[in-house]
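Architecture at a glance
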Amino acid sequence: MVARDAAGAPQIRLVVAISSRALFDLSESHRVYEERGVEASAASQVAHEAELLAPGVAFSLVKKLLTLNERLGDRGRVEVILLSRNSSDTGLRVFNSIRHHGLAIRCAAFTSGASPYRYVSAFGAHLFLSADRDDVRQALDAGCAAATILPAPARAMTADDDQLRLAFDGDAVLFSDESERIFRAEGLAAFTANEVAAAQQPLSDGPFKGFLVALKRIQALFPIDQAPLRTALITSRGAPTHERVVRTLRAWNIRIDESLFLDGLGKGPFLAAFDADIFFDDQEHHCRDTLSHVTTGHVPHGIANPS
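These lines cover the structure that appears in this document, whether it is placed above or below. Small disclaimer: the values here were computed from a predicted structure and weren't measured. What you see as residue numbers is a count from 1 along each chain, following the sequence as written. Local features in this predicted model are restricted to residues whose pLDDT is 70 or higher, and side-chain atom pairs enter the listing and the counts only when it is 80 or higher, whereas totals over whole chains, interfaces and linings include all residues. Derived side-chain values reflect all non-hydrogen atoms in the structure, with water molecules and hydrogen atoms excluded from consideration.

It is worth spelling out the pattern of salt bridges at this point. Between side chains of opposite charge, a pair can form when the charged atoms approach closely. We define a salt bridge as a contact between a side-chain nitrogen of Lys or Arg and a carboxyl oxygen of Asp or Glu at a distance within 4 Å. One pass over the structure, following the stated rule, counts 18 salt bridges. Here R255 and D257 are joined by a salt bridge, their closest N and O atoms 3.1 Å apart. Salt bridges sharing partners connect three or more residues here, namely D171, E178, E195, R237 and R244.

This brings us to the environment of S130. Working definition: helices are DSSP H or I runs of at least four residues, strands are E runs of at least two. Numbering for both runs from the N terminus. By the element assignment, S130 lies in strand 4 (residues 127-130). For S130 and G297, which are 167 residues apart along the polypeptide, the C-alpha to C-alpha distance reads 8.9 Å. By the convention used here, residues are in contact when the closest approach between their heavy atoms is within 4.5 Å. Here S130 is in contact with S19, D135, V136, A147, T148 and I149, once residues within four sequence places are set aside. Here a polar contact is recorded for every N or O atom pair within 3.5 Å, except that within protein the pair must consist of a potential hydrogen donor and a potential acceptor, and residues adjacent in sequence are included only if both atoms are side-chain atoms. A distance of 2.9 Å separates a polar side-chain atom of S130 from the backbone nitrogen of D132.

Here the focus is the nonpolar core. Burial of nonpolar side chains together is a common tendency in soluble globular proteins. The biggest cluster of nonpolar side chains holds 67 residues, and the ones touching the most others in it are L23, L129, F208, F211 and F280. Among the elements that line this core, the one with the most residues is helix 4 (residues 59-72), at seven residues. Look past the residues within four positions of F280 in its chain and what remains in contact with it is L127, L129, A147, A167, F168, D169, V173, F208, F211, G297 and V299. Listed in part, the ten residues of the second largest apolar core include A232, I234, L262 and L271. Among buried residues, those of type Ala, Val, Leu, Ile, Met, Phe, Trp, Tyr and Cys that are joined through side-chain atoms within 4.5 Å constitute a nonpolar core. For every residue, the accessible area obtained with a 1.4 Å probe (protein chains only) is divided by the maximum for its type, and the residue is called buried under 20%, exposed over 50%, and partly exposed between those limits.

Here strand 4 shows two buried faces, one formed by L127 and L129 and the other by F128 and S130. Bridge count for strand 1 (residues 13-19) against strand 4 is three bridges, and the pairing is parallel. For A17, the partnering residue across the bridge sits in strand 4 and is F128. Both strand 4 and strand 5 (residues 145-149) contribute to a ladder of four bridges, which runs parallel. When the bridges of strand 5 are listed, F128 appears paired with A146. Assignment of crossover handedness uses the view with strands pointing away from the viewer, where a clockwise path from the first strand over the helix to the second indicates a right-handed crossover. Note that the unit made of strand 4, helix 7 (residues 133-141) and strand 5 has a crossover that is right-handed. When DSSP locates at least two bridges between a pair of strands, those strands are taken to pair.

This part covers the packing of aromatic side chains. Here the aromatic set is Phe, Tyr and Trp, taking the six-membered ring for Trp, and pairing holds for ring centres within 6.5 Å; pairs whose planes are under 30 degrees apart are stacked, those over 60 apart are edge-to-face, and all others are tilted. By the definition in use, this model includes nine aromatic pairs. With 6.2 Å between their ring centres and 80° between their planes, F208 and F211 make a pair best called edge-to-face. Relative accessible area serves as the criterion here: at 0%, F208 is assigned to the buried category. Look at F208 and F280: their rings are 4.8 Å apart centre to centre, the planes differ by 45°, and that puts the pair in the tilted class. Within this pair, whereas F208 is found in the loop between helix 9 (188-197) and helix 10 (209-219), its partner F280 is found in strand 9 (residues 278-281), the two being separated by 72 residues in sequence. Linked through ring pairs, F168, F208, F211 and F280 together constitute an aromatic cluster.

The subject of this paragraph is the packing of helix 8 (residues 178-186) against helix 9. Running from amino to carboxyl end, helix 8 crosses helix 9 at an angle of 150°, the nearest separation of the two axes being 7 Å. Crossing angle aside, the handedness with which helix 8 passes helix 9 is right-handed. In contact with S179, I182, F183 and E186 of helix 8, helix 9 contributes L188, A190, F191, N194 and E195. Residues are grouped as follows: nonpolar covers Ala, Val, Leu, Ile, Met, Phe, Trp, Tyr, Cys and Pro; charged covers Asp, Glu, Lys and Arg; every other residue, Gly included, is treated as polar. When the residues that make up the contact of helix 8 with helix 9 are grouped by side-chain class, the tally is five nonpolar, two polar and two charged. Helix axes are fitted to C-alpha atoms over the stretch in contact, other axes to C-alpha atoms as well, and angles between N-to-C directions run from 0 to 180 degrees. In a left-handed crossing the near helix is turned counterclockwise from the far helix by less than a right angle, and in a right-handed crossing that turn is clockwise.

With that settled, consider the sheet that holds strand 8 (residues 258-261). Across the sheet, ten strands lie side by side as 3-2-1-4-5-10-9-6-7-8; this open sheet has mixed pairing. In this open sheet, the two edge strands, each paired with only one partner strand, are strand 3 (108-110) and strand 8. Averaged over all adjacent pairs, the angle separating strand axes in this sheet is 20°, with direction ignored. Sheet topology note: the strand 6 (residues 164-168)/strand 7 (residues 229-235) ladder contains five bridges and is parallel. By the bridge assignment for strand 7, R165 is matched with R230. Where helix 4 meets the sheet, its contacts fall on strand 1, strand 2 (77-84), strand 4, strand 6, strand 7 and strand 9, and the angle it forms with strand 2 comes to roughly 150°.

For A50, the position within the fold is in the loop between helix 3 (38-47) and helix 4. In the structure, A50 is positioned 156 residues away from G206 in sequence and 43 Å away in space, judged by C-alpha atoms.

Mapped onto the elements of the fold, S20 is located in helix 1 (residues 20-23). For S20, a relative accessible area of 2% corresponds to the buried category. Reaching out from S20, the side chain makes a polar contact with the side chain of S84 at a distance of 3.0 Å. Those residues within four positions of S20 in sequence are excluded, and the remaining contacts are L26, L82, L83, S84, N86 and V94.

This part takes up unusual backbone geometry. Along the chain, A239 connects to P240 via a cis peptide bond; the corresponding omega equals 10°. Mapped onto the elements, P240 comes out in the loop between strand 7 and helix 11 (242-252). The backbone phi angle of A172 is positive, close to 75°, even though this residue is not glycine. Topologically, A172 is positioned in the loop between strand 6 and helix 8. Using a relative accessible area of 0% as the deciding quantity, one classes A172 as buried.

Here you go:
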């Protein structure tokens, strides 16, 4: 029997909050908002209310997330929440587009220019995806996994491609940036020596550990070879610094399906080979390199991202 909360909903839940600009192509609306303000943007949306929005960069990712519910049945639930700096007038057009595209999104917050990050916790989100870097930073500071979705053309989803594939960098994403700080301050040799000496000592939690735990709970409902989602660690680390990573995940009791230790090689071709739906990395230059291969979320956290 599946454990349920007081309202009768499955306790095994995955909640992802996403901005309207990440879900749909709202580039024209955002241009009006930046140039002329909230009221002008709202008026523009009302004038174009009957026009459906085209999919945005994270559209196919959201579609796959929601498709997980077909496999989960009553054992668990994936929910996608819409958070937007736009007004409720924009919301009508967005919800018309959601309905047209068959997306089961029912909850939303429209904040008319204010940051919506404070609703991330209220909705119980495990992950927040936005096109607004400031909102993402505030969500990270509040303890939620969050990433800035970098602009790119929307990616098509083929009819037989329904397995969700998520890829993560290690340091400052899954793990803390404690080792990255040594690398930046003292160089590669000191970093390597530290990781070898501390191989038996698990790394501290990074901002995406909670999200990874939520994914693990979903995966645990299925046999390994039938899981509807797959995870990968794709890191610039190589031997011998890999051991501490492996032992950290073991200490967390978390299974990563695929682990790639690239020893500084470019990540893009490997992400393409994994066929990732999204990749999360804390370093902007890595994100720029992977953007042509895969939808990329920049995690503005740690020593690589000073305020």
